[in-house]
Structures are given as C-alpha cells and as structure tokens.
There are 2 protein chains.
Amino acid sequence: MDSAERILQQLRQRGERITIQRRMVIEALCEDCDHLTINDIQKQMESRGYELDEATIYRILQWLKAAEVISQTDLGARGIVYELIGTKRHHHLVCLNCHAVIELDDSFADQLREQVRHEHDFEPRVDHLAIFGWCAQCRAAKAATKN
Amino acid sequence: MDSAERILQQLRQRGERITIQRRMVIEALCEDCDHLTINDIQKQMESRGYELDEATIYRILQWLKAAEVISQTDLGARGIVYELIGTKRHHHLVCLNCHAVIELDDSFADQLREQVRHEHDFEPRVDHLAIFGWCAQCRAAKAATKN
DNA sequence: CTACATGCAAATCCTTTGCATCCAC
DNA sequence: GTGGATGCAAAGGATTTGCATGTAG
C-alpha cells in the first residue's frame, strides 16, 4: 500500500517520530479501507502475527487524530470507528432500530460548511458524520405493529 | 414549570408509569434548560436535598430517550449531554481546541433531512447534532504559532 | 545520547446488570 | 395485589495513567 508510505512521509516531514507500531496501525487502516474499531485493529495486527498493546493503540489513534490523518465516529450500537480521512469523504446513516449503516455522500455537507463558516466564523471539521434515524424497513415494521 | 407537568401528562397518557424519581428528573431537565450531563442531574437532585441512584438516572434517561422526550448528544470533551426535545430545536458547534460550544440554528438541517428522506428513504432523527471544528479565536491562535 | 514511544499493570470512569425490596396503578 | 421501578452492590467495558524499559532520530 503506497498510501501508507505517503502518509508516513507526510508525518515524518512534520517532524513526527515513526515507530514500527505507528507504521503498522497506519498500514492496517490503509488496507482494511472500511471503518475499524479498536478491536478490529488489534485483531488485524494479531492476524499478521504482531501483538500490539491496547494502550499503545489508543495513544497512536489519538496521535493520528490530532494530526488529522484519521476521523473518529461514534456509530452508536456499532461502536466507535476510525478511518483515514484521505479517501473519498462520506458519512453514514445509522438505523436506531436495526443498526444498519448506510453510506451517505459528502455533498450534503457543503451547504452546512458554508453556512457555518459565514454565519459563525467557525471552520467545521465534518469528516465523518453519523446521522441516526429510522431506515425504511424498520419504519414499515413499526407502522405495522403500531395498533 | 408547567412544561414538566405537560410532559408528565403525555407520558401518563401513553401508559407510562410515573414515579417520584422520574418526575424529579423531568423537572430538573425543565428547569436547567441547558444541556445537562448525568452528573449535572445528580448534583441538581442533591441540591434539592434528594439523592438519586446513578443507575436509576441512567434507566430514566434511557426511558426518556426511547419516549423521544429528550435528545442525547456527545459534545466530545464536554461529555454526553441530555436535553428536552420540546423547545426550539438547535445544534452545536464544538471547538476541538478550546471546547467552546456555540449554538446553531436548526434551519441548516432542513436540506439534510430532505435529501436523506428522498435519496435514501431514511427518516433522520436529527434532534441535536454536535459539529466539531475550530472556532475563530483558536484558528487565529493556531495561525500565529504556526511558524 | 536523549527525548519520546512502548509495554505492562493498575487505576479510573462510565454504564449496565442481578436481585431483593418497594410502590404506582 | 401485581408488574414494573428503584436502590444497592457488583460486574463489565472502554479508556487513561505511571513507570520502567526500549528505541528513533
């Protein structure tokens, strides 16, 4: 994965220290391009025959968040997930009932960003939003049981 | 606060059981019209000379959430806050640096709701959103230190 | 060489759960 | 009276912290 290399380069240039552990976490995030929980990351490491301490993972993720390399999103029942910001930005609809996760294009956030910038002089960092609600199936099911 | 009474009435009509504890939590949420953390609620109770078990508070808040009487929002460093949905709906900008919380009108969410409903057949429950980013002051401060 | 990252263990914080008791309806 | 809510204590899970050791620059 050369995108891992690219990220490592950037971090190095910013004067960040690159360790084996940091490198491995970044590579894990690059490969499994989906959202990963702490646990996913830990298991990924193990499957490669490398044990990485939980505390260290937390510290590395904090570091990557501060460096704005990854986003952190609370998907509710699905837990907290981490993902590289670099790729195509997107968000998620999360069903409050069945916990389905639907991908949502980033375009809807444009208006939001503009409004917030202009009206509040605030620079939003809307990297990965989770919007909760009811999916079509669960709405139908709910309506059917209602009375 | 008659709004507490109104909420209690509604819940009663839905067949919900009203206890002293539930009543007190609802009253606390009505009085302190701001966002309250679990801790705030607990302290509020204490200041009125009433001790309420933490577990009970959690159970009551879950109940109120399920009944869609309150919203729950993770304000990051500011913790998880609860607030009555009834009043004028609004959202928040939260500075990642200084943790300032800025109120944001609900109107920006209209377009979002429409888009999500139409394009994804998903009924969003956007009661109280937290949008993270950088406030004007912190941006200025950051730019100043940059190099 | 030195400052900073890691591993390990313990601590902390937040939230949930089991169960006996109590109370709203 | 009875089902559901509470209080208490304990468990559980996620995240953080202190400190000795290791290592990147």
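What you see is a predicted model; the values in this text were computed from it and never measured. (Residues numbered from 1 in each chain as written. Chains lettered and ligands numbered in written order. Predicted model: local features only at pLDDT ≥ 70, side-chain atom pairs only at ≥ 80, totals over all residues. Heavy atoms only, no water.)

**Student:** Please explain the environment of Thr 56 of chain A as it appears in this structure.
**Tutor:** Inspection of the secondary structure assignment puts Thr 56 of chain A in helix H4 (residues 54-66). Along the sequence, Thr 56 of chain A and Asp 110 of chain A sit 54 residues apart, while their C-alpha atoms lie 36 Å from each other. (Helix = DSSP H or I, 4+ residues; strand = E, 2+ residues; numbered from the N terminus.)

**Student:** What am I meant to see in the interface of chain A and chain B here?
**Tutor:** Size of an interface: often given as the accessible area lost when the parts come together. Contacts between the two partners involve 29 residues from chain A and, on the opposite side, 30 residues from chain B. Interface of chain A and chain B: buried area, both sides summed, is about 2500 Å²; carbon and sulfur atoms make up 62% of it. It is His 120, Phe 122 and Arg 125 of chain A that lose the most area in chain A upon contact with chain B, and together they represent 21% of the buried surface on that side. For the pair chain A and chain B, the interface holds two salt bridges. Residue Arg 139 of chain A pairs with Asp 121 of chain B through a salt bridge whose shortest N-O separation is 2.8 Å. Broken down by secondary-structure element, the contributors of at least two residues to the side of chain A that touches chain B are strand S3 (90-95), strand S4 (101-105), helix H5 (109-120), strand S5 (123-124), strand S6 (130-134) and helix H6 (136-145) of chain A. Broken down by element, the side of chain A that touches chain B gets its largest block of residues, five residues, from H5 of chain A. Counted by class, the side of chain A that touches chain B contains 17 nonpolar, five polar and seven charged residues. (Contact = heavy atoms within 4.5 Å. Buried area = accessible area lost by both parts, 1.4 Å probe. Salt bridge = Lys/Arg side-chain N within 4 Å of Asp/Glu carboxyl O. Nonpolar A, V, L, I, M, F, W, Y, C, P; charged D, E, K, R; others polar.)

**Student:** What exactly am I supposed to notice about the protein's contact with DNA strand D here?
**Tutor:** Taken together, 19 residues form the shell around DNA strand D, and within it Tyr 58 of chain A together with Arg 17, Thr 19, Gln 21 and Thr 56 of chain B come nearest. Separating a base nitrogen of DNA strand D from a side-chain N or O atom of Arg 59 of chain B is a distance of 3.0 Å. Among the secondary structure elements, those contributing two or more residues to the surface near DNA strand D are H4 of chain A together with helix H2 (20-31) and helix H4 (54-66) of chain B. Take the surface near DNA strand D: its biggest share by element is five residues, from H4 of chain A. Taken together, the residues of the surface near DNA strand D sort by class into eight nonpolar, four polar and seven charged. (Near = heavy atom within 4 Å. Polar contact = N/O pair within 3.5 Å; in protein donor to acceptor, adjacent residues only side chain to side chain.)

**Student:** Mind showing me how you'd approach the relation of the copies chain A and chain B here?
**Tutor:** Copy one and copy two of the chain differ by a rotation about an axis and a translation along that axis. For these two chains of identical sequence, chain A goes onto chain B by a turn of 179° and a shift of 0.0 Å along the axis, with RMSD 0.2 Å. Those values place the two copies in the arrangement expected of a two-fold rotation axis. In this assembly the copies share their binding face: 100% of the residues contributing to the interface of chain A also contribute to that of chain B. (Least-squares fit on C-alpha atoms with pLDDT ≥ 70 in both.)

**Student:** Honestly, H4 of chain B in this entry has me stumped. Any pointers?
**Tutor:** Given 3.6 residues per turn, any residue in an α-helix points the same way as the ones three and four places further on. Residue and element names in this part refer to chain B. Over its 13 residues, H4 extends 18 Å from the first C-alpha to the last, a length consistent with the 18 Å expected when each residue adds 1.5 Å. Residues of H4 that are buried: Ile 57, Ile 60, Leu 61, Trp 63 and Leu 64. Each buried residue of H4 sits inside an arc of 160° when the element is viewed along its axis, so together they form one side. Structural note: H4 exposes Arg 59, Gln 62 and Ala 66 on the side pointing more than 90 degrees away from its buried face. Where H4 begins, the side chain of Asp 53 points an oxygen toward the backbone nitrogen of Ala 55, at a separation of 3.0 Å. Of the residues one or two after H4, Glu 68 is the one with positive phi, at around 60°. (Expected span 1.5 Å × (residues − 1). Buried < 20%, exposed > 50% of the residue type's maximum accessible area, 1.4 Å probe, protein only. Arc of directions from axis to C-beta.)

**Student:** I would appreciate a short explanation of the environment of Ala 77 of chain A in the present structure.
**Tutor:** Among the structural elements, Ala 77 of chain A can be located in the loop between strand S1 (70-74) and strand S2 (80-84). Considered as a pair, Ala 77 of chain A and Cys 95 of chain A are 18 residues apart in the sequence and their alpha carbons are 9.6 Å apart.

**Student:** Please clarify how the domain arrangement of chain A should be interpreted in this entry.
**Tutor:** All names here are of chain A. For chain A, the assigned domains are domain 1 (1-73) and domain 2 (88-147). If you average the C-alpha positions of domain 1 and of domain 2, the two centres end up 27 Å apart. On the domain 2 side, the residues contacting the four residues of domain 1 number seven residues. For the pairing of domain 1 and domain 2, the buried interface totals around 440 Å² over both sides, and the portion due to carbon and sulfur atoms is 53%. (Domains from an automatic or database assignment.)

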